[in-house]
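Observations on the model geometry
The residues making up each chain are set out below.
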Amino acid sequence: MRPAASAVKRLAQARGLEVFQPASLRDDATRARIAAARPNLLVVAAYGLILPQAVLDIPKVGALNIHASLLPRWRGAAPIQRALLAGDAQTGISIMQMDAGLDTGPLLLQEGMPIAREDDAQTLHDKLAALGARMIVAAVADAAAGRGRALPQEAAGVSYAHKIDKRETRLDWLAPAVWLERKVRAMRPAPGALCTLRGEAVKIWRAELAEGSGTPGSVLAVRPDGVLVACGEGALLLTELQRAGGKRMPAVDYLRGVPVATGERLQ
């Protein structure tokens, strides 16, 4: 629970490169310091600040952004989670020339990647990070050689990946099991999908689609491999759980500390 330097910062420090971490990019002093470096190009990846037009205008070639979706689908802050929630069959990386809009700039490179049945937000992030790293190196080489050609994004197929709201982590048992299983994967490893049992918060870290029907939220069976819960359509087998203040654990270990009976209701 202590701040830690990112991999980029550690590498820069090891190479003796200056690291500049401004709290804002909107003040004149910050822009002057960036301009003093006389950059040819800016590379932006998962950056938490909006780059104002005055900063985008500093580099000679412009600013390139590594975005974790196939633009124009899933513009915005949470493209990985939104792709998982929507049940998309594929996602990918877009290398974009930045403009003043929200992920609206023209595209230099784009490459797709299938979403595996078992992917969660972490595994998909890691795959896309590796792909994005390879693609940005190629894009920078193209820019240096004057080969880069940016094409406008298509007008059709625009969607927005809004930041995950805390309220979205809750599992609504009236929803189909297919949707709830996607949500568990989209919320892993953070912030975690949430429900309550006997008024106590329980995070669901892993779940599988299963056969079964009943009143949504009711426990249909308690098995060694998990707790079977009825959904609006189908059922979900909860295989890894965490009680408030506890650790993540397989269902068999969770049930030793929190016995669950058939017929109980999860809220």
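Residues numbered from 1 in each chain as written. Predicted model: local features only at pLDDT ≥ 70, side-chain atom pairs only at ≥ 80, totals over all residues. Heavy atoms only, no water.

**Overview of unusual backbone geometry**
Just so we agree on the cut-off: Secondary structure follows DSSP: runs of H or I at least 4 residues long count as helices, runs of E at least 2 residues long count as strands, and numbering of each begins at the N terminus.
A cis geometry characterises the amide bond from L71 onward to P72, with omega recorded as 15°. Note on placement: P72 falls in the loop between strand 2 (62-67) and strand 3 (75-76). The amide bond that connects R188 to the next residue, P189, takes the cis arrangement and shows omega of 20°. Along the chain, P189 turns up in the loop between helix 6 (177-186) and strand 7 (193-197). In this structure, R38 takes a positive phi of about 50° despite not being glycine. In this fold, R38 is placed in the loop between helix 2 (28-36) and strand 1 (41-45). Its identity is not glycine, yet D103 carries a phi of approximately 55°, on the positive side. Examined against the element boundaries, D103 turns out to sit in the loop between strand 4 (90-97) and strand 5 (107-114).

**Observations concerning the pattern of salt bridges**
We count it as follows: Put simply, a salt bridge is a Lys or Arg side-chain nitrogen that is within 4 Å of an Asp or Glu carboxyl oxygen. The buried label goes to any residue with under 20% of its type's maximum accessible area, the exposed label to any with over 50%, and the partly exposed label to all in between, with areas taken from a 1.4 Å probe on protein chains only.
With the rule as written, the count across this model stands at 17 salt bridges. Between D28 and R31 there is a salt bridge; the shortest N-O distance is 2.6 Å. In this pair, D28 and R31 both sit in helix 2, 3 residues apart, roughly one turn of the helix. Note on D28: relative accessible area 58%, which makes it exposed. Of the charged contacts in the structure, one is a salt bridge between R256 and D253, with a shortest N-O distance of 2.3 Å.

**Details of a nonpolar patch on the surface**
The following threshold applies: Grouping into patches uses exposed residues only, defined as over 30% relative accessible area, and leaves out salt-bridged ones; the cut-off is 9 Å for like charges and 5 Å for nonpolar side chains (Val, Leu, Ile, Met, Phe, Trp, Tyr). For the area figures, the Shrake-Rupley method with a 1.4 Å probe applies, and any residue is considered shielded solely by the protein chains shown.
Among the surface-exposed residues, L102, V158 and Y160 lie close enough to one another that they form a single nonpolar patch of about 260 Å² accessible area. On the secondary structure map, Y160 appears in strand 6 (residues 160-161).

**Focus on the packing of helix 4 (residues 79-86) against helix 6**
To keep it simple, the criterion reads: All axes here are fitted lines through C-alpha atoms, helices being fitted over the stretch that makes contact, and every angle between N-to-C directions spans 0 to 180 degrees. Roughly parallel here means an angle under 35 degrees, roughly antiparallel means over 145, roughly perpendicular means 65 to 115, and every remaining angle is called oblique. Crossings are classed by handedness, with left-handed meaning an anticlockwise turn of the near helix from the far one by less than a right angle and right-handed meaning a clockwise turn. Residue contacts follow a heavy-atom distance rule, with two residues in contact if any of their heavy atoms lie within 4.5 Å. As a working rule, the residues Ala, Val, Leu, Ile, Met, Phe, Trp, Tyr, Cys and Pro are called nonpolar, Asp, Glu, Lys and Arg charged, and the rest polar, with Gly in that last group.
Where helix 4 meets helix 6, the axes come as close as 8 Å, and the angle between the chain directions of the two elements is 160°. Relative to helix 6, the element helix 4 is oriented roughly antiparallel. You can see that helix 4 and helix 6 cross each other, and the crossing is right-handed. For the pair helix 4 and helix 6, contact is made by Q81, L84, L85 and A86 and by W179, R182, K183, R185 and A186, respectively. Of the residues belonging to the contact of helix 4 with helix 6, the class tally is 5 nonpolar, 1 polar and 3 charged.

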